[in-house]
Amino acid sequence: MSGIYIHIPFCKQACHYCDFHFSTSMKKKDDLIPALAKELELRKDEFKNTVVETIYFGGGTPSLLTNDELQFIIDSVYKNYKVSDHSEITLEANPDDLSQERIIELSKSPINRLSIGIQSFFENDLKLMNRAHNANEAKSCLEEATKHFDNISLDLIYGIPGASNSQWLANIEMALSFGVPHISSYALTVEPKTALASFIKKGIIDNVDDEQAHDQFHILKDKLETSGFVHYELSNFGKNGYFSKNNSAYWQGKSYLGIGPSAHSFNGKQRGWNVSNNAKYIKSIEQNELPIEIETLTHTDQYNEYVMTGLRTIWGVSLDKVETDFGMDFKDYLIEQSEIFINQQLLYIDDKHVQVTKKGQFLCDGIASELFKLN
Ligand code: SF4
């Protein structure tokens, strides 16, 4: 099982919190699309013996591409790779791009899953984050999308300064009212050099509050779990049969190809990342050169990676897998390091899997780093 991630590095405007790679100028779009197709062709041998199960358009804002442009890229995937008949093909889309007409058009394309960047149904939250859509667009696009797509995920952000717990609960209830089978939710984080960081520094916006984020994470978890969702990864909740195949593959250490500027790739042993610059990316691909830097993971890096991702999921970290893939000393080390967290009721071991408890979940990444080994 493997996946192809395609990065579309354009956005209408910059959200205040975002540090992803994107450009608000569409000038390079016409050169970028053939470059993506060419990178797909140049890298086809990397997946020579592999069946592609997932294709994921992420960004940036992939819904800024027309259907013909998306179809052109999908055709390049099919031309160069073996694609499963049951592949999951996801488009990240923003509500302001999802008119009724566009949704109908998309439903007739090979795209069979939408991941919609709602973030909040409240005008004040959307303004604070500088999202390009408004609350009405958030609702109307979901109303329409659910008529034409069965597999829909939406993103929500919690821990927004000024957003009370009751407003957060209202956001979750609004999301549930559309009957979507998957929700991804992230805490608002303040990344350096973003507009949000600068507004907080100047006192224009209150700083994010860890305690508020912690409480809202638990409100989310409780509400979604009692509404039939499985909390299968720290930031992801899905009804049975609707877990994201694309993301599950990342968390289970499967291979993926990252196509496009700033996209990351992984083949089990090596991690690669493409240059985060649209012009440099296009120029390099036009010269038949992959603009990629590659790092080979050591045995210890691979263990750390597995612990980090495994702990975030309901599958946990398998002691048998650690023993088979990394050796007995790694397994003993993991059990020994876990003990202190087990005593604090933050971790537990069940059926030979190390897992976080409900209390430990919000602290998961910090706990994982304490289980890492040094190279
Ligand atoms: S739309 Fe997405 S990628 Fe673009 S600026 Fe906003 S959060 Fe970042």
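In case you missed it, the structure is sitting above this.
Presented here is a report on the structure given in the accompanying data block. (Residues numbered from 1 in each chain as written. Predicted model: local features only at pLDDT ≥ 70, side-chain atom pairs only at ≥ 80, totals over all residues. Heavy atoms only, no water.)

### Details of helix H3 (residues 100-107)
Part 1 of the argument: All of the buried residues along H3 are Arg102, Ile103 and Leu106. One side of H3 holds all its buried residues, which, seen down the axis, span an arc of 100°.
Part 2 of the argument: Where H3 is buried, its residues meet helix H2 (67-80), strand E3 (82-93), strand E4 (113-119) and helix H5 (135-148). (Buried < 20%, exposed > 50% of the residue type's maximum accessible area, 1.4 Å probe, protein only. Helix = DSSP H or I, 4+ residues; strand = E, 2+ residues; numbered from the N terminus. Arc of directions from axis to C-beta. Contact = heavy atoms within 4.5 Å.)

### As for the nonpolar core
Part 1 of the argument: Of all hydrophobic cores here, the largest spans 78 residues; its most connected members are Ile4, Ile6, Phe57, Leu142 and Leu311.
Part 2 of the argument: Ranked by residue count, the leading element in this core is helix H1 (residues 29-42), at 5 residues.
Part 3 of the argument: Those residues in contact with Ile6 that sit more than four places away from it in its chain are Leu36, Ile55, Tyr56, Phe57, Gly58, Ile73, Val77 and Ile259.
Part 4 of the argument: Counting residues in each nonpolar core, the second largest holds 11 residues, with Leu128, Ile157, Leu196 and Ile205 among its members. (Core = buried A, V, L, I, M, F, W, Y, C linked by side-chain atoms within 4.5 Å.)

### Here we look at helix H10 (residues 278-286)
Part 1 of the argument: All of the buried residues along H10 are Asn278, Tyr281, Ile282, Ser284 and Ile285. The buried residues of H10 all sit within an arc of 165° when viewed along its axis, so they share a single face. In H10, the exposed positions that point more than 90 degrees away from the buried face belong to Lys280, Lys283 and Glu286.
Part 2 of the argument: The inward-facing, buried residues of H10 contact H1, strand E9 (255-259) and strand E11 (270-274).

### What about the packing of H1 against H2?
Part 1 of the argument: Contact geometry for H1 and H2: axes closest at 8 Å, N-to-C directions at 15°. The orientation of H1 with respect to H2, classified from their angle, is roughly parallel. Crossing angle aside, the handedness with which H1 passes H2 is right-handed. In this structure, H1 contributes Lys29, Asp30, Ile33, Pro34, Leu36, Ala37, Leu40 and Glu41 to the contact, and H2 contributes Glu69, Phe72, Ile73, Ser76, Val77 and Asn80.
Part 2 of the argument: Tallied by class, the residues present in the contact of H1 with H2 amount to 8 nonpolar, 2 polar and 4 charged. (Axes fitted to C-alpha atoms, helices over the stretch in contact; angles between N-to-C directions. Parallel < 35°, antiparallel > 145°, perpendicular 65-115°, else oblique. Left-handed = near helix turned anticlockwise from the far one by under 90°. Nonpolar A, V, L, I, M, F, W, Y, C, P; charged D, E, K, R; others polar.)

### Structural notes on the packing of aromatic side chains
Part 1 of the argument: In the structure shown here, the tally under the stated rule is 14 aromatic pairs.
Part 2 of the argument: Note on Tyr232 and Trp315: the rings are 6.3 Å apart at their centroids and 65° apart in plane angle, and the pair reads as edge-to-face. Here Trp315 lies in the loop between helix H11 (299-311) and strand E13 (317-318) and Tyr232 lies in strand E7 (residues 230-233), a separation of 83 residues in the sequence.
Part 3 of the argument: Taken together through their ring pairs, the aromatic side chains of Tyr158, Trp168, Phe217 and Phe362 make up a single cluster.
Part 4 of the argument: In this structure, Lys373 packs its charged tip against the face of Phe330, placed 4.8 Å from the ring centre.
Part 5 of the argument: Across the ring face of Tyr333, the terminal group of Lys373 is positioned such that the distance to the ring centre comes to 4.8 Å. (Phe/Tyr/Trp six-rings, centres within 6.5 Å; stacked < 30°, edge-to-face > 60°. Lys NZ or Arg CZ within 6 Å of the ring centre and 35° of its normal.)

### Focus: unusual backbone geometry
Part 1 of the argument: That bond from Gly59 to Gly60 is cis: its omega, 20°, falls within 30 degrees of zero.
Part 2 of the argument: Position of Gly60 relative to the elements: it lies in the loop between strand E2 (51-59) and H2.
Part 3 of the argument: The backbone phi angle of Asn288 is positive, close to 65°, even though this residue is not glycine.
Part 4 of the argument: The topology assignment puts Asn288 in the loop between H10 and strand E12 (292-296).

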